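Spelled out, the chains give:
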Amino acid sequence: CEDCGSVVRPDIVLFGEALPDRFHSSLDNDFSACDLLIVVGTSLAVSPFNTLVGRTKSGVHRIYINKTAPGKVAGIVGWMLSLSANVDFSRKDDLFLQATATILLRKFVKQLIGLKNSMPLRFNLWNNNFK
């Protein structure tokens, strides 16, 4: 911090740190209300997050966008640290899009913008609101 000289810490949980109580107390309510789960840009190799995709009710559509298969970490680091998990992403309602998330999402947004006149509901990226 330029004002006080202390270290600025982001409001995130870093690897190896305990999750906040709210994480555990919200799981049941969050997943009982979930009707679509979108997972983007994570290998799902680290617990407890890799177990969350299995908490959705049957029939809930799950979309997974990542450059590696769920539960796999590519490269030598993943191999050396044995970072992999048995993540089941094979339900009939699942969709796995193997791609770099930023490239795929940019294409998706461009298509949405191209369709904006024919869509009854659209997100205005510049004003951050629904119209």
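Residues numbered from 1 in each chain as written. Predicted model: local features only at pLDDT ≥ 70, side-chain atom pairs only at ≥ 80, totals over all residues. Heavy atoms only, no water.

*Asks:* Teacher, can you tell me more about the environment of Asp28 here?
*Replies:* Note that Asp28 resides in helix 1 (residues 21–32). Asp28 sits 27 residues away from Arg55 along the chain, and the two C-alpha atoms are 8.7 Å apart. A distance of 2.7 Å separates polar atoms of two side chains, one belonging to Asp28 and the other to Arg55. (Helix = DSSP H or I, 4+ residues; strand = E, 2+ residues; numbered from the N terminus. Polar contact = N/O pair within 3.5 Å; in protein donor to acceptor, adjacent residues only side chain to side chain.)

*Asks:* Would you explain the state of the cysteines in this entry?
*Replies:* Where two cysteines share a covalent bond between their sulfur atoms, that bond is called a disulfide. Tallied over the full model, the rule gives zero disulfides. Here Cys1 is not disulfide-linked; the sulfur of Cys4 is the nearest cysteine sulfur, at 3.7 Å. On the basis of relative accessible area, Cys1 is assigned to the partly exposed category, the value being 39%. Residue classification places Cys4 among the exposed residues on the basis of a relative accessible area of 56%. (Disulfide = S-S within 2.5 Å. Buried < 20%, exposed > 50% of the residue type's maximum accessible area, 1.4 Å probe, protein only.)

*Asks:* Quick question: what am I supposed to make of the sheet that holds strand 2 (residues 61–66) here?
*Replies:* Strand pairing in a sheet takes place through backbone hydrogen bonds and is either antiparallel or parallel in direction. Reading across the sheet, the three strands line up as 1-2-3 and stay open at both edges, with parallel pairing between neighbours. Every interior strand has two partners, whereas the edge strands, strand 1 (36–40) and strand 3 (94–98), have only one. When strand polarity is set aside, the average angle formed by the axes of neighbouring strands in this sheet is 10 degrees. Along the sheet face, helix 4 (residues 101–114) touches strand 1, strand 2 and strand 3 and points at about 120 degrees away from the line of strand 2. (Pairing = 2+ DSSP bridges. Axes fitted to C-alpha atoms, helices over the stretch in contact; angles between N-to-C directions. Contact = heavy atoms within 4.5 Å.)

*Asks:* When you look at the packing of aromatic side chains in this model, what are you seeing that I'm missing?
*Replies:* In this description, a pair of aromatic rings is defined by centroid distance and the angle of the planes. What the rule picks out here adds up to two aromatic pairs. Measuring from ring centre to ring centre gives 5.4 Å for Phe23 and Phe49, while their planes differ by 65 degrees; the resulting arrangement is edge-to-face. Of this pair, Phe23 sits in helix 1 while Phe49 sits in helix 2 (residues 49–52), and the two are 26 residues apart along the sequence. Judged by relative accessible area, Phe23 falls into the buried class, the value being 17%. Here Tyr64 and Phe96 contribute two aromatic rings whose centre-to-centre distance is 5.3 Å and whose plane-to-plane angle is 40 degrees, an arrangement assigned as tilted. Taken together, the positions of Tyr64 in strand 2 and Phe96 in strand 3 put the pair 32 residues apart, joining distant regions of the chain. Under the relative-accessibility criterion, Tyr64 is labelled buried at 0%. Given the relative accessible area of 30%, Phe96 is considered partly exposed. (Phe/Tyr/Trp six-rings, centres within 6.5 Å; stacked < 30°, edge-to-face > 60°.)

*Asks:* I'm lost on the layout of surface pockets in this one. Help?
*Replies:* Empty space among the atoms becomes apparent when a probe as large as a water molecule is rolled across them. Approximately 650 Å³ is the volume attributed to the largest pocket. Among the secondary structure elements, those contributing two or more residues to the lining of the largest pocket are helix 1, strand 1 and helix 2. Tallying contributions element by element places helix 1 first for the lining of the largest pocket, with six residues. (1 Å grid on protein atoms, 1.4 Å probe; cavity = no way out; pocket = protein on both sides within 12 Å on 5 of 7 lines; lining within 4 Å. Points joined across faces, edges and corners; volume = space filled by probe spheres on them.)

*Asks:* How do you make sense of the side chain of Asn66 when you look at a structure like this?
*Replies:* Mapping Asn66 onto the fold places it in strand 2. A polar contact of 3.3 Å, which involves the side chain of Asn66, links it to the backbone oxygen of Thr42. Engagement of the side chain of Asn66 in a polar contact is seen with the side chain of Thr68, the distance being 3.0 Å. Discounting chain neighbours no more than four positions away, the residues touching Asn66 are Gly41, Thr42, Ser43, Phe96, Leu97, Gln98 and Ala99.

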